[in-house]
Every structure is written in structure tokens, then in C-alpha cells.
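These are the residues of each chain, in order.
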Protein chains: 2
Amino acid sequence: MAGMPVTHGLYDAFLAVARSGSFTSAARALGYTQSAVSRQVRSLEEEWGAELFERRPRGVRLTEAGRALLPHAEAVRDRLAAARAELTALRTLDGGLLRLGAFSSATAALVPRAQAAFRRRHPGVAVTRVEGPSVKHLGLVAAGEEDLAVVSPAVDVPPPPGVTLHHLLDEPMLVALERGHPSAGRRDVRLAELSGEEWIVGNERLEDTLFRPAVAAGFRPRTGLLAHDWIAKLGAVAAGLGVTLVPALAAASVRPDVALVTIHPEDVPHRRICAAAPGAPTAAATAFLGLLRETARELRAWGP
Amino acid sequence: MAGMPVTHGLYDAFLAVARSGSFTSAARALGYTQSAVSRQVRSLEEEWGAELFERRPRGVRLTEAGRALLPHAEAVRDRLAAARAELTALRTLDGGLLRLGAFSSATAALVPRAQAAFRRRHPGVAVTRVEGPSVKHLGLVAAGEEDLAVVSPAVDVPPPPGVTLHHLLDEPMLVALERGHPSAGRRDVRLAELSGEEWIVGNERLEDTLFRPAVAAGFRPRTGLLAHDWIAKLGAVAAGLGVTLVPALAAASVRPDVALVTIHPEDVPHRRICAAAPGAPTAAATAFLGLLRETARELRAWGP
DNA sequence: GCTAGACATTCGCTTGTCGCATGAGTGGGC
DNA sequence: GCCCACTCATGCGACAAGCGAATGTCTAGC
């Protein structure tokens, strides 16, 4: 019981000999000499502690131990072939899995478009997508539990080690107004003009949001309505209860009875949108990143 | 696509690293140095054409390719462990299959007794038994399709190459007589005393049977009744239609209303009964051969 | 009895693998 | 902000394993 056999190229020799019934012809098939095959088989026999072939004057024949080993050796060979096929599929993007993450409003247009293009080109690759806050996705990518994520990282917080950010686009922020609002229909608007409005926000601490520069400049809006949900926010806007910020990427999916007006980037800065990739991105992640860039370029057609 | 990976002790290293998440600790677990594991993993990565681990400052982590390979490597390891267990069971007679052959009348007492003893000692070994003429079994053993056979080979015909005969016993021949026959009840009888009887035989050409020496000496019995089946032969004897030869091993299974009397071995020679084993008998066959010898010794209690 | 064919063995060389020691890079502690 | 501890990678020398070529050994068949 010396231990597990150590090599397995030997199993190719074993299988070839078992198939052909002869060391000599197996050697020919493998491109070896007969002496090499003889020693390989002997080596296997020593490792397994049993004769695998019965030597006969006109060739060899499997012993009982050889017959017992044969299906296992075949299974091992087949399993390794399957592994090879799977790794090849991974490399050629004919298979595998892409674990995607994205923050919420990126899933309105940017990610779905890229995902559709990806599926057209690589239908064999399965894609899973998880929504969530950017910080969470950065952690998941760093931990190797996501292959790629679309995030909107804070400018002053460096990405976790092992994660590289790829800038995709800077997303303008829009303000959603009741359709009858005096500013509705304008091309853009300064924040000061809206300081008298009731602002519907998702976070009471405005200095933690994109409003930070505006707050520093003295902007102190009324923030009586808190809502995290888009449906709720826009419902309130449509009902004339107030105004709210909408990221440009989500503009297309806003209900038609609210008006959207661009805010000057000095007041509410453009939101930086990046792809977060691990240090060693998978082939699928790299391909998807390319499609994300492409989609971002198309979407960038909104700016001046 | 250089070809199949060549070695597989490497897979132990791969699995150990995958489990521990570190080359160093995997090396400790395997009894290797860290550099050895590092190079083993590198070798695997070159064979598979993909990085399997992502090197990080505090250890390593599986890449996508590594994650894909992991279940295959585990399956290979498990399959080899199963093979090892099976070969061990074969060697220790805790498993496996013994393919047995025997000529018809050996299955009356000799083989079943040995088989029962074998099953008591090695209940894990499955035994299959096929009846048939001795020549057929000799061929099957030579062809490796039977592991052991009990045969009654012709004295002047050598066994096929690769088959060795192990003498078990010389079986006397008895004659079955109607219970009321004048010779019934005698200890033994000379064939000449029965030359007037009607002989029930299985083969019209007596010179091809055990009668050969008797025929050479002028024995010319009446052979009006041909029967191959024991039931038929003994039925005819019981009905007083004639007499027939019965091998001693079958004596115990003869119907009680016929008498059995030993024939002098000069008239009808003892039948040689042997075990036929291949050149490299299996462990089970060797064990069974020992039990056959033992059983034969017990059964030999009939002769002088 | 001899020959042909198959496996085993010996020899010398190449290749691979190991341990040891060292280098390079990163994250945490002071 | 610097240093240290910990990780993996690599160069080096020694040893073992595996190879091809040639030779030996055995058996079936003529």
C-alpha cells in the first residue's frame, strides 16, 4: 500500500496496451519504443501492487487486476478530456459563467444593452447579474465572488486592492419636475433656481450624496420627503409634491408625466461610472468590459 | 493544445493548494517545500494552458479556469481511490468475481462442497459457475474467460498452452445395477462378469470412453440403449432394462432403488479429475484450488 | 531444431524534480 | 511614513526517472 500512483501518462500506455493486446503495437500507437512501454507498465504494476497484464508468447492479456483497473483508467481519461474541453470552452468563450454585478440605475440601460450584445456574440456563456450598492460590488469583485461589476465609486475612496476601475462614462444628473412646473421644458437649469422646491431625497445627510458641492456652496433645500424607491419618488413628483434627482441613464425609463431637465454640472457633478474588474479578469469579463465601453460610447450622445 | 496533461501527482498539489489557499501550507501538508509546489502548479498551468491560481500577497485564489478544473481533479482523485480500494479487495479476497467451470458430474459433490467452504471464508467474492464438457472449459481457461475449472482431461491430450493442471483425485467408476441383481451387494466386481448385461451408454463408440481398455481386451457388451441424461440412465437401470456406469462422485446423488458396485480399475480405469488454472491464476482461483484439494482429500475416503 | 515474434533487461544520455537559498512584491504594525 | 513579516518566484546543484538503442530470453509453430 505504498501510496497513490504518482503519474498518469502511464495510464495512456495502460489503455493502449489493453486495447491492442501488445506492448509493441501500443508503443507504435503512442510513438514510444517497446522498451518504454514495458517499463511504464512495470512501473504501474509496482504502484498498484499487482500484475496488470499476463505476458504470453504472442502478446499480453489483462489479468483480473487489469480488468478491474480498466474502467477506472478509462473514466479518468474521459474526465480529463472533459476538463480539457471545458477549459477550452472557457478560453474561447463558448462556455462558462460570467458573474456580473451592477448598481441599480446602471441596470436601466447600460448593462442590459451590453448584456444583449454579449449574448448575441457568446451565447454559450451563462450570465448572472446581481444588483446592489457599488460598495458591495467592489467587495465582491475583490473577494473573487463577482467577475465584473458596474459601479459608481466615490471619487476620493480608492478601490480595494486587487480591483482595477475602468472608466466608462460620466453621467449627468437630471431633475424630475411636475409637468406643469415653470422650469419644465428648459434645456438645463441651475440648482439655485430650485432651492425653494421641496426635494425628495433618499438620504437625509445631503453632504453624503451628489449634493455635496451644492451644500458646501450654501444650498439648503427642504427635504421633507424621504424615498428610496424610484416609483415612489417619481410618483411624488408627478403628484406635484416636489422634485427629485434622476440619473441620466435612467431617463428613458421615467414615467411620461414628469419632465426631466439637466442640471449644470457645477451644481450637481456628473456621476462617475466605472467597471470594476479583478486583477486577473476572466476572458468573459474582458469581453464584456469591451462591450460596456462600446455601449457607454453610444449612450454618451447626451452631453454637450 | 499541446496534448493531455502528462502527470497527475500534480493534481494532489493542485487540490491541496485549492483547499488551503496557499502554496506554503499546501507544501507543508504534502511534505514538500514551497518551491516544489510552486513549480508543480506552474507545470500544471502550462499543461492546461491557463492560470489556475491568482497570486495574491496573502496567498492564492482559484481563477475561473481553476474553479472549472477543481471538480474534475476531485473526480479523478476519487476515481483512483475507488480503483485502489477495488484492487485491494481483489487481493484480500474481499471482493471480485471468480468465474468457475466444471464438468457435469463434478458438480454433484466436489465443486459444491468446495464452493460452500469458499463462500464461508470469502463471502465478498462473487462466484459464477458454468457446467460443460471438460474440453470446453480447458479452452475457456486458456482464453482467459474462466478463472478455474474442474475437468476430467483425457490422459494423452496435453492441456492447451497457458493452462496448468492440478491433480485432485482419481475417481473410481461404479456400475449401477437393479436392486435385485445377483451382483448387487458385492464389494466390487470384474467387468467380465457383466459382459452379458445390456449396457446403457452415452456414446456408441465405446473406444472413445472409459471402456477403451476393456474394449481392447475384447469386451463387447450389448449397447442397445443410448442415454445422455442421468435421470434417464438410472431410470432404465431401476426398471431392470440394463446396467450403466456411474462415476463415484455422483454416487451419493443416485436414486436409492439402484445398487452401486465398484468396478476393478484394470477393467474401467479411474477417471483423473484435475483443476485447470491459467498461467497467472487470480487470488480467488488460488484460494478455491486449495479448497478443492481439501474437499478431494475428504472424498477420497472411498477407495482402498 | 530452428526461426520469428514478443516481452525483459542493460547501458548511456537527456530531462525532470527536488531542496536550499535568495529575490521580489504587498499589507499590516509601530 | 518606514519597516517587517509573509507570500510566491527563481537560480543553482544534485539526484532520480524516463527515454532510445541494442541485446537477452522465452515460446509457438514450421
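Here, every reference points to the structure presented above.
Note that this is a predicted model, so its numbers are computed, not measured.

(A) Layout of the packing of helix H5 (residues 110-121) of chain A against helix H9 (residues 283-299) of chain A. Residues and elements named next belong to chain A. Where H5 contacts H9, the axes come no closer than 9 Å and their chain directions differ by 130 degrees. For the element pair H5 / H9, the angle class is oblique. Helix-helix and strand crossings are classified by hand; for H5 and H9 the assignment is right-handed. The residues of H9 that touch H5, namely those facing Leu110, Val111, Arg113, Ala114, Gln115, Ala117, Phe118 and Arg121, are Ala284, Ala287, Phe288, Leu291, Leu292, Glu294, Thr295, Ala296, Glu298 and Leu299. For the contact of H5 with H9, the class distribution of residues is twelve nonpolar, two polar and four charged.

(B) Representation of the protein's contact with DNA strand C in the model. Phe23, Thr24, Ser38 and Arg55 of chain A together with Gln40 of chain B are the nearest of the 23 residues found near DNA strand C. By atom count, sugar and phosphate contribute 59% of the portion of DNA strand C lying within 4 Å of the protein. In the model, a phosphate oxygen of DNA strand C is placed 2.7 Å from a nitrogen or oxygen of the serine 38 of chain A side chain. Between arginine 55 of chain A and DNA strand C, the recorded distance is 2.5 Å, taken from a side-chain N or O atom to a phosphate oxygen. Breaking the surface near DNA strand C down by element, the ones donating at least two residues are helix H2 (23-30), helix H3 (34-48) and strand S2 (59-62) of chain A together with helix H3 (34-48) of chain B. Per-element tally for the surface near DNA strand C: the top contributor is H3 of chain A, with five residues. Residue composition of the surface near DNA strand C, grouped by class: seven nonpolar, ten polar and six charged.

(C) Structural detail: the nonpolar core. Membership of the largest hydrophobic core comes to 55 residues, with the highest contact counts inside it found for Phe14 and Phe53 of chain A together with Phe14 and Phe53 of chain B. When residues no more than four places from it in sequence are discounted, the contact partners of phenylalanine 14 of chain A are Leu44, Leu52, Phe53, Leu62, Gly66, Leu69, Leu70 and Ala73 of chain A. Residues Ala106, Ala285, Phe288 and Leu289 of chain B belong to the second largest nonpolar core, which totals 29 residues.

(D) Just the interface of chain B and chain A, in detail. If you look at the interface, chain B gives 49 residues, while chain A gives 49 residues. A buried area of about 4,100 Å², summed over both sides, lies between chain B and chain A, and 58% of it is on carbon and sulfur atoms. Notably, a salt bridge pairs aspartate 147 of chain B with arginine 67 of chain A, separated by 3.8 Å at the nearest N-O pair. Going through the elements one at a time, helix H1 (9-20), strand S1 (53-56), helix H4 (64-91), strand S3 (97-102) and helix H6 (134-142) of chain B are the ones with two or more residues in the side of chain B that touches chain A. By residue number, the principal contributor to the side of chain B that touches chain A is H4 of chain B, which donates 21 residues. Partitioning the side of chain B that touches chain A into residue classes produces 26 nonpolar, eleven polar and twelve charged.

(E) Main features of the sheet that holds strand S5 (residues 148-151) of chain A. Residue and element names in this part refer to chain A. Taken in spatial order, the five strands line up as S4-S3-S5-S13-S6 in an open sheet, and their pairing is mixed. The open sheet terminates on both sides in strands that have one partner only, identified here as strand S4 (126-131) and strand S6 (163-171). Along the sheet, successive strands turn relative to each other by an average axial angle of 20 degrees, direction set aside. The pairing of S5 with strand S13 (residues 271-278) spans three bridges and is antiparallel. Residue pairing in the sheet places alanine 149 in a bridge with alanine 276 of S13. Strand contacts of helix H6 (residues 134-142): strand S3 (97-102), S4, S5, S6 and S13, with the helix running at about 160 degrees to S5, the strand carrying the most contacts. In the packing of H9 onto the sheet, contacts are made with S3, S5, S6 and S13, and the angle to S6 comes to roughly 20 degrees.

(F) Summary view of the protein's contact with DNA strand D. Neighbouring DNA strand D are 23 residues; Gln40 of chain A together with Phe23, Thr24, Ser38 and Arg55 of chain B lie closest to it. Sort the elements by how many residues they give to the surface near DNA strand D and H3 of chain B lands first, with five residues. Split by residue class, the surface near DNA strand D holds seven nonpolar, ten polar and six charged.

(G) Spotlight on H5 of chain A. Residue and element names in this part refer to chain A. The end-to-end C-alpha separation of H5 is 17 Å, in line with the 16 Å expected for twelve residues at 1.5 Å each. Along H5, the residues that are buried comprise Leu110, Val111, Ala114, Gln115, Ala117 and Phe118. Looking down the long axis of H5, one finds its buried residues gathered within 165 degrees of arc, a one-sided arrangement. The exposed set on the far side of H5, more than 90 degrees from its buried face, consists of Arg119 and Arg120. On the buried face of H5, the contacting elements are S3, S4, S5, S6, S13 and H9.

Rules and cut-offs
- Throughout, residues of each chain are indexed from 1 in the direction in which the sequence is written.
- Think of it this way: whatever chain is written first is A, whatever ligand is written first is 1, and the rest follow in order.
- Reporting in this predicted model follows two pLDDT cut-offs: at least 70 for local features of residues, and 80 or more for side-chain atom pairs to be given and counted; totals over whole chains, interfaces and linings ignore these cut-offs and use all residues.
- Values shown for side chains rest on all heavy atoms present in the structure; no hydrogens or waters enter the calculation.
- Helix axes are fitted to C-alpha atoms over the stretch in contact, other axes to C-alpha atoms as well, and angles between N-to-C directions run from 0 to 180 degrees.
- Numbering of helices and strands runs from the N terminus; a helix is a DSSP stretch of H or I covering at least four residues, while a strand is a stretch of E covering at least two.
- Roughly parallel refers to an angle under 35 degrees, roughly antiparallel to one over 145, roughly perpendicular to one between 65 and 115, and oblique to any angle outside these ranges.
- The hand of a helix crossing depends on one turn: near helix anticlockwise from the far one by less than a right angle means left-handed, and clockwise means right-handed.
- Any pair of residues with heavy atoms lying within 4.5 Å of one another is described as a contacting pair.
- Only Asp, Glu, Lys and Arg are considered charged, only Ala, Val, Leu, Ile, Met, Phe, Trp, Tyr, Cys and Pro nonpolar, and every remaining residue, Gly among them, polar.
- Nearness is defined per residue: one heavy atom within 4 Å of the molecule or strand is enough.
- Counted as a polar contact is a pair of N or O atoms within 3.5 Å, where, for protein atoms, one must be capable of donating a hydrogen and the other of accepting one, and residues adjacent in sequence contribute only when both atoms are in side chains.
- To define a nonpolar core, start from buried Ala, Val, Leu, Ile, Met, Phe, Trp, Tyr and Cys residues and group those joined through side-chain atoms within 4.5 Å.
- Whether a residue is buried, partly exposed or exposed follows from its accessible area with a 1.4 Å probe, protein chains only, as a fraction of its type maximum: under 20%, in between, or over 50%, in that order.
- As a working definition, buried area equals the accessible area (1.4 Å probe) given up by two parts on being put together, with both sides summed.
- When a carboxyl oxygen of Asp or Glu is within 4 Å of a side-chain nitrogen of Lys or Arg, the pair counts as a salt bridge.
- One requirement defines pairing of two strands: DSSP has to find at least two bridges between them.
- Multiplying one less than the number of residues by 1.5 Å gives the expected span of a helix.
- Our arc is simply the arc of the directions from the helix axis toward the C-beta atoms.

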